[in-house]
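Structural overview
Below are the chains, spelled out letter by letter.
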Amino acid sequence: MTYSDKVLDHYQNPRNVGSLDKNAADVGTGVVGAPECGDVMKLQIKVGDDGRIVDAKFKTYGCGSAIASSSLATEWLKGTHVDQAAQIKNTQIVEELSLPPVKIHCSVLAEDAIKAAIEDWRKKQAGTPAAGSQVHA
Amino acid sequence: MTEPVRTEPAIRETVYMDYSATTPCDPRVVQRMLPYFTQNFGNAASRSHQFGWTAEAAVDQARQEVAALLHAHEKEIIWTSGSTEANNLAIKGVAQMYRQKGNHMITAVTEHKAVLDTMKHLEGEGFQITWLPVDRKGHVDLEQLAAAITDQTILVSLMAANNETGTIHPLATIGALCKQKGVLFHTDATQATGKMELNVDTQHLDLVSLSAHKMYGPKGVGCLYVRRKNPRVRLTAQMDGGGHERGMRSGTLNVTGIIGMGEAARICRTEMATEIPHLAALRDRLQQRLLAGIPDAVVNGDEAARLPHLTNISFPYVEGESLIMGIKEIAVSSGSACTSASLEPSYVLKSLGLNDELAHSSIRFSLGRFTTTAEVDFAADRVIAEVLRLRAMSPLWEMVQDGIDLSQVKWTVH
């Protein structure tokens, strides 16, 4: 498997690795994937009062392309309004990282993680307890 | 003139720890082969002139060397293109020759594909195949094996040692059982050659597959040992032609390759007594360092009955392909076949009962004749650093640290 320079860069120097307080009202958490499939992504966003994402963090268990996809996603999310963030498509990630066909699922997972994190945050905003998008409370 | 051959390669940019995939040729092997490409280029089947006689004499000497490694007679060695062909010839050759006697054969689920797919091919032709399961360490249940043998059974094929875990089957016990039941015993000894004692008499082996390139010889040559007394094993040839190799394998002999394999066998035989403990010491050093530096790392296979040069370790909570990517200065094999398009984890490790996640995170380190202590220490340090780095960004590791039982988590499976 040969990797693009951008994948290698994100793999070797991942951006925004870490965790935010998943119980905070302004933090949305998305965990997608499964260990037996070889990929699990946890993506978290911290959203300001104006709806802009002020911070994003990730942790990923998976191949280099999965790590790079989630690292790139956090870069894109920071400073973006949640409504725009919800529009991010996996194809943009594929293009940016030059992912080969066998690694497209990594970008899909990243898109799903973004959506799950936003959904979790929206549920908190609506005052209802998060469900489904979090694997552990 | 070419560069003089080194006896020990200099430290390379990449540390080679994949000797179970293939070995470099021992320089002594190459030196022995060289004259047979140019001056002594004869066809070993040419009986009418000196060129042929010279080649034939060298082939016969190589035959003696390979036979000596197995404690066999030289006439029992059939040259092939490698172990895959030897396995095909042994299994299909027995199946076709003894079909009147019975149509049942026994093997295990952890065999190499060259055995499994040959058996599957014969299953498609109407043979009954018993696929024995293995336990957590990779062993078949000998009582289950005995119970599987019927009056229709013509062959048991079980490898000497497994290519992924290094687990060694108790050949002498299995061989004695087969002999007592009147069933032929084939063993694929590709990984075992030169790394453990092989003796066709004390281990009651009827057919043995060997490959040169796993024992510091060249690629593209191997052989099948075929017992000629007590009992005399007969095979249906799979390659028709000039009737070479007692009619069992036609085709002009790969003289240079065979000479290389003979020299490789001689070196293995004469140096095994010192090489085995040396390899085991290096392997143990590597394994101890990895286990000490990485919490929850698990050794796969049977540490009590294992090839001396190999260790297969799972590093939970990191994914195998990303680990391989992170330790690109070290040439190793991963338990997940991610290098191909399929993302299937190793069938051997799954047969041992490992879940997909553990199988995905496993790495086979196989050391060899030219591995140095400095390389072992370098590899251990790099692997430890990379596993810890990947764990720091692993959500699974974080959950485990938080006391979450991963098996109870409801994952969003794609």
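For the structure, check the block above.
Residues numbered from 1 in each chain as written. Chains lettered and ligands numbered in written order. Predicted model: local features only at pLDDT ≥ 70, side-chain atom pairs only at ≥ 80, totals over all residues. Heavy atoms only, no water.

If you tally the helices and strands in chain A, you get 5 helices and 3 strands. In chain A, the succession of α and β elements from N to C terminus is α-β-β-β-α-α-α-α. Taking 137 residues into account, the globule formula puts the C-alpha radius of gyration at 14 Å, and chain A, at 14 Å, falls close to it. Along the first, second and third principal axes, the C-alpha set of chain A runs to 45 × 30 × 20 Å. Residues classed as buried in chain A amount to 55% of the 137 residues present. Considering only contacts in chain A between residues 6 or more positions apart, those separated by 24 or more positions represent 61%. By element, 50% of the accessible surface of chain A is carried by carbon and sulfur atoms, the whole surface being about 5500 Å². (Helix = DSSP H or I, 4+ residues; strand = E, 2+ residues; numbered from the N terminus. Rg over C-alpha atoms; globule rule 2.2 N^0.38 Å. Buried < 20%, exposed > 50% of the residue type's maximum accessible area, 1.4 Å probe, protein only. Contact = heavy atoms within 4.5 Å. Areas by Shrake-Rupley, 256 points an atom, 1.4 Å probe, with all protein chains shown as cover.)

Counting residues at the interface gives 31 residues for chain B and 33 residues for chain A. With both sides pooled, the region where chain B packs onto chain A buries about 2700 Å², and carbon together with sulfur makes up 63% of that total. Here chain B is connected to chain A by 3 salt bridges. The salt bridge partner of lysine 59 of chain A is glutamate 398 of chain B, with a shortest N-O separation of 3.3 Å. Contributing elements (two or more residues each) for the side of chain B that touches chain A: α8 (320-326), α10 (356-360), α11 (373-392) and α12 (395-401) of chain B. (Buried area = accessible area lost by both parts, 1.4 Å probe. Salt bridge = Lys/Arg side-chain N within 4 Å of Asp/Glu carboxyl O.)

On to the sheet that holds strand β13 (residues 362-366) of chain B. Residue and element names in this part refer to chain B. Strand order in the open sheet made by the 4 strands is β9-β10-β13-β12, with antiparallel pairing throughout. Bordering the open sheet on either side are β9 (298-300) and β12 (333-334), each of which pairs with just one other strand. By the bridge criterion, 5 bridges tie strand β10 (residues 310-314) to β13 in an arrangement that is antiparallel. In the strand pairing of β13, asparagine 312 is matched with arginine 364. In the packing of helix α7 (residues 255-293) onto the sheet, contacts are made with β9, β10 and β13, and the angle to β10 comes to roughly 15°. (Pairing = 2+ DSSP bridges. Axes fitted to C-alpha atoms, helices over the stretch in contact; angles between N-to-C directions.)

What follows concerns the sheet that holds strand β8 (residues 222-226) of chain B. Whether parallel or antiparallel, the strands of a sheet pair through hydrogen bonds between backbone atoms. All names here are of chain B. Spatially, the 7 strands line up as an open sheet ordered β2-β8-β7-β6-β5-β3-β4, and their pairing is mixed. Edge positions in the open sheet fall to β2 (77-80) and β4 (128-132), since each of these has one partner strand only. The sheet shows a mean angle of 20° between the axes of neighbouring strands, direction not considered. Across 5 bridges, the pairing between strand β3 (residues 104-108) and β4 is parallel. Bridge pairing in β4 links alanine 108 to leucine 132. Together, β2, β3, β5 (153-157), β6 (184-188), β7 (207-211) and β8 form the strand contacts of helix α3 (residues 83-97), whose direction differs from that of β7 by roughly 160°.

The next point concerns the environment of serine 98 of chain A. Topologically, serine 98 of chain A is positioned in the loop between α4 (90-97) and α5 (104-125). With 35 residues separating them along the chain, serine 98 of chain A and cysteine 63 of chain A place their C-alpha atoms 15 Å apart.

Once that is clear, we can look at the packing of helix α2 (residues 64-77) of chain A against α5 of chain A. All names here are of chain A. Viewed as axis vectors pointing N to C, α2 and α5 meet at an angle of 40°, and their least axial separation amounts to 9 Å. As the angle between them shows, α2 and α5 are arranged oblique. For the crossing formed where α2 meets α5, the hand is right-handed. In this structure, α2 contributes Ser65, Ala66, Ser69, Ala73 and Leu77 to the contact, and α5 contributes Cys106, Ser107, Ala110 and Ile114. Considering only residue class, the contact of α2 with α5 consists of 6 nonpolar, 3 polar and no charged. (Parallel < 35°, antiparallel > 145°, perpendicular 65-115°, else oblique. Left-handed = near helix turned anticlockwise from the far one by under 90°. Nonpolar A, V, L, I, M, F, W, Y, C, P; charged D, E, K, R; others polar.)

Attention now moves to the environment of valine 299 of chain B. Residue and element names in this part refer to chain B. Positionally, valine 299 belongs in strand β9. Judged by its relative accessible area of 15%, valine 299 falls in the buried class. Separated by 258 residues in the primary sequence, valine 299 and phenylalanine 41 have C-alpha atoms spaced 48 Å apart. Apart from the residues lying within four places of it in its own chain, the contact partners of valine 299 are Gln287, Leu291, Arg306, Thr311, Asn312 and Ile313.

So, on to unusual backbone geometry. Residue and element names in this part refer to chain B. Across the junction of asparagine 230 and proline 231, the peptide omega takes the value -5°, indicating a cis bond. Tracing the backbone through its elements, the reader meets proline 231 in the loop between β8 and α7. Positive phi is not limited to glycine here, since histidine 71 has a value of about 60°. Considering the arrangement of structural elements, one finds histidine 71 in the loop between α2 (50-70) and β2. Histidine 71 gets classed as partly exposed once you look at its relative accessible area, which sits at 39%. The phi dihedral of tyrosine 317 falls on the positive side, at around 75°, and the residue is not glycine. Position of tyrosine 317 among the secondary structure elements: in the loop between β10 and α8. Using a relative accessible area of 14% as the deciding quantity, one classes tyrosine 317 as buried.

By themselves, these figures tell us nothing about what the structure is for.
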